[in-house]
Every structure is written in C-alpha cells, then in structure tokens.
Amino acid sequence: MSERGRPRTFDRTAALRRAMDVFWAKGYEGASISDLAAAMGINSPSLYAAYGSKEALFLEATDLYSRVEGADIWLALEEAPTARLAIERFLRRTAKAYSQTDRPRGCLIALGALHEDSSRGAICTDLRRRRAENLAALKKRLERGVAEGELPAGFDCRAAATFFATVQHGMSIQARDGASRAALLATVAGAMAAWKTMAGSVEA
C-alpha cells in the first residue's frame, strides 16, 4: 500500500470518525471525495490508499456508527425489565440521540442511502441488512415479552416491531428536518399510547 501523500501523524480511527460525520450529515451520495478528504485531513490519494474506495469507506463508517452511536439505544431492549419499558426507553433514547446538537441529526442507517442503483447497490444492501437486524432485535424483545407472560400468546410481534421501527425511522426524518427533542418525545408518547391497544387487555 502506497504511503505517498499521507501525513505521518495519520490516525486512521480518528479520520474514520470524521468521515462518518460527513456521511451522516450528507448521505452517501451527497458526500464528495473532496468533502471527505478535507474532513479527514488527508488528500484524495491518501483516502484511497487507506480505505480503498468511497464505498469501502462508507461501509466502515456505518460499522463504526453502529458500534459507537447506536449502542445505547439498543441496549434498552436488554436492560429494561419489561417489554413495554424496553420499547419506551428505546424510543426515548432515540429521541435524545437524534436531537443532539453537537452532531448530525437523525440516523445514518436510516438516511445514509435510500435509492438503489448500480453505483451504490452494496451500500443500500448493507443498510437494508442493518435495518433488518434492528427490526429483528425489536421482534425478539417482544417475543420475550410473550414468553414471560407479559404479552398475550396471540400478540403479533412482527407487526408491533415493524410499527415501532417505523416510528423510529420517522423520528429520524423529523430530527433531520429540525424537530426539537420535545417534539420527538411527543412522538414517543403517541407511539406508546398505541401499546395498550396492540397488547389487548394484558397490562404491561
């Protein structure tokens, strides 16, 4: 691998974090190589030498995002003692994370790339896979609620998981459009109002 043009103090992890922020703010298509290189403090040849391609850089950036930005949101599903509280905490943590003012708003996984074509098929496939994994995590927590008797045996875990995932995706778009934390929390309250209807007569 050529080192030409790369600063001696090049910190690959720090540079990846800065690239992640650019992709997060602009999406895959909107982030140009010059935008990325400038944010990372390197030139274009160094970017390609270190990461291989813009596509490979994006895939690394989304992997980093999942580890460092989304972890606390999803931990709520495991930490909460009930399924209802798990979903509420999941959505409330989402509202907090998406409305922070010291980083791009919304979710990179939801907004990074939506329109698939031959130039970014792998990007959309990767993001689709990550969203499917998130949906599966919600479904698994609801299934646990059924197994523990918190939710009725006939509870449609897939439909409920899809509903709450869709709420989260909508919050991402709202946040990107400038919605306040209070507005996002109002969305959470509305989503949780649907819990009793979905759960039937079983109190959670």
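Note: the structure precedes this text.
Residues numbered from 1 in each chain as written. Predicted model: local features only at pLDDT ≥ 70, side-chain atom pairs only at ≥ 80, totals over all residues. Heavy atoms only, no water.

Enquirer: Please clarify how the packing of aromatic side chains should be interpreted in this entry.
Expert: Any pair of aromatic rings gets described here by the distance separating the centres and the angle formed by the planes. If you walk through the whole model with that rule in mind, you get eight aromatic pairs. Here Trp-74 and Phe-90 contribute two aromatic rings whose centre-to-centre distance is 4.8 Å and whose plane-to-plane angle is 50 degrees, an arrangement assigned as tilted. Placement of the pair is Trp-74 in helix 5 (residues 71–79) and Phe-90 in helix 6 (residues 83–98), with a sequence separation of 16 residues. On the basis of relative accessible area, Phe-90 is assigned to the buried category, the value being 0%. A ring pair is formed by Phe-163 and Phe-164, whose centres lie 5.0 Å apart and whose planes are at 75 degrees; its orientation type is edge-to-face. Residue Phe-163 is classed as partly exposed on the basis of its relative accessible area, which comes to 32%. Put simply, the rings of Phe-155, Phe-163, Phe-164 and Trp-195 touch in pairs and so form one group of aromatic residues. When the ring centre of Tyr-28 is taken as reference, the NZ or CZ atom of Lys-54 above it lies at 4.5 Å. (Phe/Tyr/Trp six-rings, centres within 6.5 Å; stacked < 30°, edge-to-face > 60°. Helix = DSSP H or I, 4+ residues; strand = E, 2+ residues; numbered from the N terminus. Buried < 20%, exposed > 50% of the residue type's maximum accessible area, 1.4 Å probe, protein only. Lys NZ or Arg CZ within 6 Å of the ring centre and 35° of its normal.)

Enquirer: Looking at this structure, I do not really get helix 1 (residues 12–30). What am I missing?
Expert: Since the α-helix advances by 3.6 residues per turn, residues separated by three or four positions end up pointing in the same direction. Under the 1.5 Å per step criterion, the end-to-end length of helix 1 is only 22 Å for 19 residues, more than 12% shorter than the ideal 27 Å. The sharpest bend along helix 1 comes to roughly 80 degrees, located at Trp-24. Within the span of helix 1, buried status applies to Ala-15, Leu-16, Ala-19, Met-20, Val-22, Phe-23, Trp-24, Gly-27 and Tyr-28. Buried residues belonging to helix 1 abut helix 2 (33–40), helix 3 (44–51), helix 4 (54–68), helix 7 (108–111), helix 8 (121–147) and helix 9 (157–176). One side-chain oxygen at the N-terminal end of helix 1 lies 3.1 Å from the backbone nitrogen of Thr-13; it belongs to Asp-11. (Expected span 1.5 Å × (residues − 1). Bend = angle between axes of the 7 residues up to and from the residue. Contact = heavy atoms within 4.5 Å. Polar contact = N/O pair within 3.5 Å; in protein donor to acceptor, adjacent residues only side chain to side chain.)

Enquirer: What is the right way to read the packing of helix 1 against helix 2 from this model?
Expert: Between two packed helices, the angle of one axis relative to the other and the distance separating the axes together describe the packing. As a packed pair, helix 1 and helix 2 sit with axes 8 Å apart at the nearest point and diverge in direction by 155 degrees. In terms of orientation, helix 1 and helix 2 fall into the roughly antiparallel class. For the pair helix 1 and helix 2, the sense of crossing is right-handed. Two secondary-structure elements touch here, helix 1 through Ala-15, Arg-18, Ala-19, Val-22, Phe-23, Lys-26 and Gly-30 and helix 2 through Asp-35, Leu-36, Ala-39 and Met-40. In the contact of helix 1 with helix 2, the residues fall into seven nonpolar, one polar and three charged. (Axes fitted to C-alpha atoms, helices over the stretch in contact; angles between N-to-C directions. Parallel < 35°, antiparallel > 145°, perpendicular 65-115°, else oblique. Left-handed = near helix turned anticlockwise from the far one by under 90°. Nonpolar A, V, L, I, M, F, W, Y, C, P; charged D, E, K, R; others polar.)

Enquirer: Any chance you could explain the nonpolar core here in plain terms?
Expert: Core analysis: the biggest nonpolar cluster contains 62 residues, and Leu-36, Leu-91 and Leu-142 have the highest contact counts within it. Setting aside chain neighbours within four positions, we find Leu-91 in contact with Phe-164, Val-167, Met-171, Val-188, Ala-191 and Met-192. (Core = buried A, V, L, I, M, F, W, Y, C linked by side-chain atoms within 4.5 Å.)

Enquirer: I keep staring at the pattern of salt bridges and nothing clicks. Help me out?
Expert: When the charged atoms of two side chains with opposite charge come close together, those side chains can pair. On inspection of all chains with the given rule, the structure shows 16 salt bridges. Of the charged contacts in the structure, one is a salt bridge between Asp-102 and Arg-103, with a shortest N-O distance of 3.1 Å. Assessed through its relative accessible area of 25%, Arg-103 is described here as partly exposed. In this structure, Asp-126 and Arg-129 form a salt bridge, with 2.7 Å as the shortest nitrogen-oxygen distance. Of the two residues, Asp-126 and Arg-129 both sit in helix 8, three residues apart, roughly one turn of that helix. For Asp-126, a relative accessible area of 11% puts it in the buried group. Owing to a relative accessible area of 37%, Arg-129 belongs among the partly exposed residues under this scheme. If you follow the salt bridges from partner to partner, you end up with Asp-63, Arg-67, Asp-126, Arg-129, Arg-130 and Glu-133 in one network. (Salt bridge = Lys/Arg side-chain N within 4 Å of Asp/Glu carboxyl O.)

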